[in-house]
Amino acid sequence: MDRFPGVRIVLIDDEPGVLRALSMLLQAMGCQVMPFSGPKEALVYLQAGIEADLILSDQRMPGMTGSQLFKVLKDAEILLPFILMSAHASESEISDIISHQSSTFLPKPFTPDTLSKSIRSVLGAPIKAEAI
């Protein structure tokens, strides 16, 4: 599994178990994780100007989808690498996201290796793989 020491990830998922498990996995990869159970809370955090390197967001959440969050951030010129994850997203929901070079779609369920590859691809730089 790759390591991403010091990479700051805003993680958004409304399922508490998924949020907790992904937080632990990302921390094991060396990431600093800012977890949010909803996109609106994450949006407030990001609009406050707090620095992050990457957003990892679920698609289907109450109040705002991950793709809607992506569009709001883009309109606000908060242009961070973005990974949208979902087990049920339609092509139209992900088309705007995958059209951007620093963004991608990650189908659920996924393995730690697939997550690592997605992070590496949106960060745009090769990261040396290390054993944990």
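## Quick word on the overall build of the protein chain
Within the protein chain one finds five helices and five strands. Taken from N to C terminus, the helices and strands of the protein chain fall in the order β-α-β-α-β-α-β-α-β-α. Computed over C-alpha atoms, the radius of gyration of the protein chain comes to 13 Å, within 12% of the 14 Å expected from 2.2 N^0.38 for 132 residues, which places it in the range of a compact globule. For the C-alpha atoms alone, the extent of the protein chain along its principal axes is close to 40 × 30 × 30 Å. Across the 132 residues of the protein chain, 43% fall into the buried class. Within the protein chain, residue pairs in contact and separated by at least 24 positions form 65% of the contacts whose partners lie at least 6 positions apart.

## Quick word on the packing of helix α2 (residues 39-47) against helix α3 (residues 66-75)
Where α2 meets α3, the closest approach of the two axes is 11 Å, and the angle between their N-to-C directions is 20°. One element, α2, and the other, α3, form an angle in the roughly parallel class. Note that α2 runs across α3; the crossing there is right-handed. Here Pro 39, Leu 43 and Leu 46 of α2 lie close against α3, whose contacting residues are Leu 69, Val 72 and Leu 73. Class assignment of the residues belonging to the contact of α2 with α3 gives a composition of six nonpolar, no polar and no charged.

## Side note on the nonpolar core
By size, the foremost hydrophobic cluster in this structure holds 20 residues, and its most contacted members are Val 10, Ile 12, Leu 46, Ile 55 and Phe 82. The set of elements that each furnish at least two residues to this core consists of β1 (8-12), β2 (32-36), α2, α3, β4 (82-86) and α4 (91-98). No other element matches α2, which puts four residues into this core. If near-sequence neighbours (up to four positions away) are discounted, Val 10 is found in contact with Met 34, Phe 36, Ala 42, Tyr 45, Leu 46, Ala 52, Leu 54, Ile 55 and Leu 56.

Cut-offs applied
Residues numbered from 1 in each chain as written. Predicted model: local features only at pLDDT ≥ 70, side-chain atom pairs only at ≥ 80, totals over all residues. Heavy atoms only, no water. Helix = DSSP H or I, 4+ residues; strand = E, 2+ residues; numbered from the N terminus. Rg over C-alpha atoms; globule rule 2.2 N^0.38 Å. Buried < 20%, exposed > 50% of the residue type's maximum accessible area, 1.4 Å probe, protein only. Contact = heavy atoms within 4.5 Å. Axes fitted to C-alpha atoms, helices over the stretch in contact; angles between N-to-C directions. Parallel < 35°, antiparallel > 145°, perpendicular 65-115°, else oblique. Left-handed = near helix turned anticlockwise from the far one by under 90°. Nonpolar A, V, L, I, M, F, W, Y, C, P; charged D, E, K, R; others polar. Core = buried A, V, L, I, M, F, W, Y, C linked by side-chain atoms within 4.5 Å.

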